[in-house]
Amino acid sequence: MSEYLKRQTDLRATAWEEAKNLLDAAASESRDLTAEENVIYERISEDMDNRARVIEQITKDEERAQRLDVAAASVRTDEVAPADDDDTESIRKLARGEVRSLEFEKRDLLTSSTGSPVPTSFFQEVLLKARLVGPMLTTSTIITTAGGENLQIPRVNTYSAATVAAEAAAIGESDPAFSAFITMGAFKFSYLVQVSREMIEDSGVDILGFLADQVGQGIGFNVNNFLTVGTGTTQPNGIVTASTLGVTGGTGVSGAFTADNLIDLAYSVDGAARMLPGAGFMMNGASIGKTRKLKDTAGQFVFAPSLAVGTPDTLLGFPLVENPAIVNTATSAKSVIFGHLPSYYVRQVGGIRVDSSTDFAFSTDLVTLRTILRVDGNLPQTSHVNHFVGGAS
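Everything quoted here is computed from the prediction, not taken from an experiment.

Q: In this structure, what is going on with the nonpolar core? I would like to understand it.
A: Generally speaking, a soluble globular protein has its nonpolar side chains buried in company with each other. Core analysis: the largest hydrophobic core is formed by 31 residues, its most contacted members being Phe-281, Met-283 and Val-336. Breaking this core down by element, the ones donating at least two residues are α1 (2-28), α2 (35-73), α8 (259-266), β6 (279-283), β9 (318-322) and β10 (334-340). Take this core: its biggest share by element is six residues, from α1. Apart from residues no more than four positions distant in its own chain, Val-336 is found in contact with Phe-257, Leu-262, Leu-265, Phe-281, Met-282, Met-283, Asn-386, His-387 and Phe-388. Within the second largest apolar cluster, 20 residues are counted, among which are Ala-242, Met-282, Ile-326 and Tyr-344.

Q: Even after reading the chapter, I still don't get α8, so can you show me in this structure?
A: Turn by turn, an α-helix covers 3.6 residues, leaving residues three or four places apart pointing in a common direction. Among the residues of α8, Ala-259, Asn-261, Leu-262, Leu-265 and Ala-266 are the ones counted as buried. Projected down its long axis, α8 carries its buried residues within an arc of 160°, all on one side.

Q: Help me understand the pairing of strand β11 (residues 345-361) in this model?
A: Here five bridges tie strand β1 (residues 141-145) to β11, and the two strands are oriented parallel to one another. The residue of β11 that forms the bridge with Thr-144 is Gln-348. Here β11 pairs with strand β12 (residues 366-378) via 11 bridges, running antiparallel. Considered in β12, the bridge of Ser-356 is made with Leu-369. Between β11 and β12, which pair antiparallel in sequence order, lie four residues; one of them, Asp-365, sits at a positive phi of approximately 55°.

Q: How should the sheet that holds strand β8 (residues 314-315) be read in this particular structure?
A: Two orientations exist for strands paired in a sheet by backbone hydrogen bonds: parallel and antiparallel. Across the sheet, seven strands lie side by side as β5-β13-β10-β6-β9-β8-β7; this open sheet has mixed pairing. Pairing within the sheet leaves two strands with one partner each, and these edge strands are β5 (244-248) and β7 (303-304). The strands that α8 touches are β5, β6, β8, β9, β10 and β13 (385-389); relative to β10, the one it contacts most, it runs at about 40°.

Rules and cut-offs
- Residues numbered from 1 in each chain as written.
- Predicted model: local features only at pLDDT ≥ 70, side-chain atom pairs only at ≥ 80, totals over all residues.
- Heavy atoms only, no water.
- Core = buried A, V, L, I, M, F, W, Y, C linked by side-chain atoms within 4.5 Å.
- Buried < 20%, exposed > 50% of the residue type's maximum accessible area, 1.4 Å probe, protein only.
- Helix = DSSP H or I, 4+ residues; strand = E, 2+ residues; numbered from the N terminus.
- Contact = heavy atoms within 4.5 Å.
- Arc of directions from axis to C-beta.
- Pairing = 2+ DSSP bridges.
- Axes fitted to C-alpha atoms, helices over the stretch in contact; angles between N-to-C directions.

Such coordinate-based values are descriptive only and should not be taken to indicate function.
Here's what the structure looks like:
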């Protein structure tokens, strides 16, 4: 498997060199890409994105296999057991009533439902819609607590300052000053789904494996969205919402950013935060596509693809993280952030909890599955993350 991953990484690097050659040729002739060159460039970009997804998926598969090996060595028999989004066996136990049950969808799943996987000569896999869930639960600092009571986080506003003291003179006092505490609660993200007993027992498709995959989609996608752009009132205060203005783009360009804008954004953040491990850029896929065409004043591309499995692409030498919840470039839109991403705190109460009930819809022989995740998020030190906002038209 590692050889295959290495090949994918090498092919991605080769594709990037091909794309750079196209852009360099157009730049040397002081022209835009021709229609034919644009088609080639888009094909190369799509190929790079596809290989990046393959690399990520295979890496996750290997990690999942390792977790399953560990789980097999220590079987749990709790009546209620937490399961991660890849733990298919836990989902099976829930449905069989060995612990409790889990599942997804916003409607009842029956074998007669139009479009549902039925056991009559049906293909043994479900073709899932490709969707990036989001990175906020991996780039942030996670605080896991047993209870959901309010959690207060202090913020330093001013550091102590030393002064020169003469011989035998009194040494002055200088205490650090604190801003108002950040209070983090625990917003509940949840939903119910009902599955017929026939669907669980008779389906020719691995319906439970399919449902297990949906946990991360059903909960993770929306949680990532609120941790990114949440308003902070009846939902988490998203990292983009809490960030500080770093750079405003030029006018007449529909909110687009330039290479100089990105450089200015990186250096608008205090050097102490910029040098911390975990500092980097975050934007959505469409914006990342735009960065691939940008060069600095020395003619060097500001984007560089990753050449090693498990490491992100870089922008201006900093890690580049794709987040689908960040908006596209537009006038007055906060389309790019830069800073120390782990400075954003996510408070999580326990883990993803999945429960089942055969009593809730007993009269219709449906298994009701409930999924709950309680989280909150905020950026205590707002100066650690700055955003780029598109200039007015």
